[in-house]
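Now for the letters of each chain:
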Amino acid sequence: MSLDEEACYRAARARDARFDGAFFVCVLTTGIYCRPVCPARPPRRENMRFMPSAAAAQLAGFRPCLRCRPELSPDVAAWRGTESVVARALALIAEGGLDGGGAGPDETASVDALAERVGLGERQLRRLFERHLGASPVQVAQTRRLLFAKQLLQDTRLGMTEIALAAGFGSVRRFNAVFRGLYGRAPSTLRRGPAGVASGPRTPVTETVTLRLGYRPPYDWDDMLGFLAARALPGVELVEAGRYLRSFATEAGPGTVEVRPGQRGQPVLLATLRVPALRALPGLVARLRRVFDLDADVHAIGAHLGRDPALARLVGARPGLRTPGGWDAFEQAVRGVLGQQVTVQAGRRLGGVLVELAGPRVAPALASDPRLSRLFPGPAELAAADLAGLGMPRARRATLHALAAAALADARLLQRGGSLDDAVARLRGIAGFGEWTAQYVALRGLGHADAFPAGDVALQRSVDSPRRVAERQLLARAEAWRPWRGYAAQHLWTADAARRQGV
């Protein structure tokens, strides 16, 4: 992607946090690349080059700055313009979509599979990555692995073998070779303390690691936490004392996470993960970034939505508002069914009953908090559950069983990466799924920023006033909000809730 170098230079000189993650500064005299917010003294203009991504900077022969730490930069490169295909592909890469493939045919096959998931050919996907990020999908994935390993080196006391495996390297030898090739030094030289010890308490079946997750300010943490608290399912989630906790399942067994804000003035969230296997860390970090919407460019979104006078007032009142994501697409689909035609409180109550009926138990020794005693049921557990005690109409219980059966029959049913239209069409093929449910699941569960459940009563009554507007009128007006109608919906929902509470 072509960058305006003079604009990049001015942003870097001002250390403007609004541009963190939008580009990287390469310094010719030192051979390093930095974030625009790097506290180091800026070099002379003639010694600066600008790259659209960390992968492009490393491909050009620059190594990451040890002071500003590019691995903590929010991943907002794909938010430039409206290239949603690149954004979806990046999300899949962050979840491990290109992990496990080595060089050669396996690597090509992995890129082919990634391209298929976003609905493109392999060559077209490569061209888009080159245009927007200045690097290929494989190079982006390799950069992610290396930067994640660097973060584990500096933020934890895990051993070298554990770090290499957690970051997706096949062996410590391979990790050492790649690291030395980029940094010109051994990984151990970046240690802040003694190696070989986990960063938190360890049981025979768990590891505890605390990581920093960066974002571009502003961030409305109170609103995010309020949203999660109103929907927290007993046994699975817990919100208290300014922090969010939940249980989750991995292939190796259950785990738990606690998320809290960083120290005042630091644009990071702190995530303490208790996991049965460190290999799960990259995928879990990707989930957390999605749940807390850490990679959104709220300035670009706000500027676009602000063209509508009514939305301009809402964006001005809450400039750091984010769109919360779901932990798991299947879980979010179940929540969508539970939330049909009922209040948030009723949906939460029903969810709690469902967890008690079908959710697997978590052994107390595995949980960071004894109140996290259950996992949300997966498709197999839900399909086998007797939902007669759920307190829902028979038709809606049948919808839950139909959803579970469809998910078991087709692993791609709730797969992320496809287009919004395709996702909605797949969901509407499930008995009992209407347009509202499909759009809501696409927004929360599949990460489609342009999803818009226009049939929602709260959206229909909160565009300009409490008076409702027709669904077709709302959809016509929302055309101007594309490609971020989901963020418009979040602002409208938040404003409607505040109005009803008299805030």
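Before reading on, note that the structure itself is shown above.
First, a word on scope: everything that follows refers to the structure included in this document.

Cut-offs and rules
- Residues numbered from 1 in each chain as written.
- Predicted model: local features only at pLDDT ≥ 70, side-chain atom pairs only at ≥ 80, totals over all residues.
- Heavy atoms only, no water.
- Salt bridge = Lys/Arg side-chain N within 4 Å of Asp/Glu carboxyl O.
- Helix = DSSP H or I, 4+ residues; strand = E, 2+ residues; numbered from the N terminus.
- Buried < 20%, exposed > 50% of the residue type's maximum accessible area, 1.4 Å probe, protein only.
- 1 Å grid on protein atoms, 1.4 Å probe; cavity = no way out; pocket = protein on both sides within 12 Å on 5 of 7 lines; lining within 4 Å.
- Points joined across faces, edges and corners; volume = space filled by probe spheres on them.
- Nonpolar A, V, L, I, M, F, W, Y, C, P; charged D, E, K, R; others polar.
- Pairing = 2+ DSSP bridges.
- Contact = heavy atoms within 4.5 Å.
- Axes fitted to C-alpha atoms, helices over the stretch in contact; angles between N-to-C directions.

Concerning the pattern of salt bridges
- Applying the stated criterion to the full structure yields 32 salt bridges.
- Close ionic contact of Lys150 with Glu71 constitutes a salt bridge, the shortest N to O distance being 3.0 Å. Of this pair, Lys150 sits in helix H6 (residues 137-155) while Glu71 sits in the loop between strand S4 (63-64) and helix H3 (84-94), and the two are 79 residues apart along the sequence. Like Lys150, the residue Glu71 is buried in the burial classification.

Remarks on empty space enclosed by the protein
- By the definition in use, this model includes one cavity of 30 Å³ or more.
- By volume, the largest cavity amounts to about 50 Å³.
- What lines the largest cavity is simply Val298, Ile301, Gly302, Val315, Arg318, Pro319, Leu321, Tyr487 and His491.
- Among the elements of the structure, helix H11 (298-305) and helix H21 (485-500) are those that each provide at least two residues to the lining of the largest cavity.
- Ranked by the residues each element gives to the lining of the largest cavity, the list is headed by H11, at three residues.
- Across the lining of the largest cavity, the residue classes tally to six nonpolar, two polar and one charged.

Some thoughts on the sheet that holds strand S2 (residues 32-34)
- Read from one edge to the other, the open sheet built from four strands follows the order S3-S1-S2-S4, with strand pairing classed as mixed. A strand with exactly one partner marks an edge of an open sheet, and here the two such strands are strand S3 (48-51) and S4.
- In terms of strand pairing, S2 meets S4 through two bridges, oriented parallel. Looking at the pairing, Tyr33 lines up with Pro64 of S4.
- Relative to the sheet, helix H1 (residues 5-14) contacts strand S1 (24-27) and S3, its axis offset from that of S3 by approximately 105°.

Nothing here speaks to function; it is geometry throughout.
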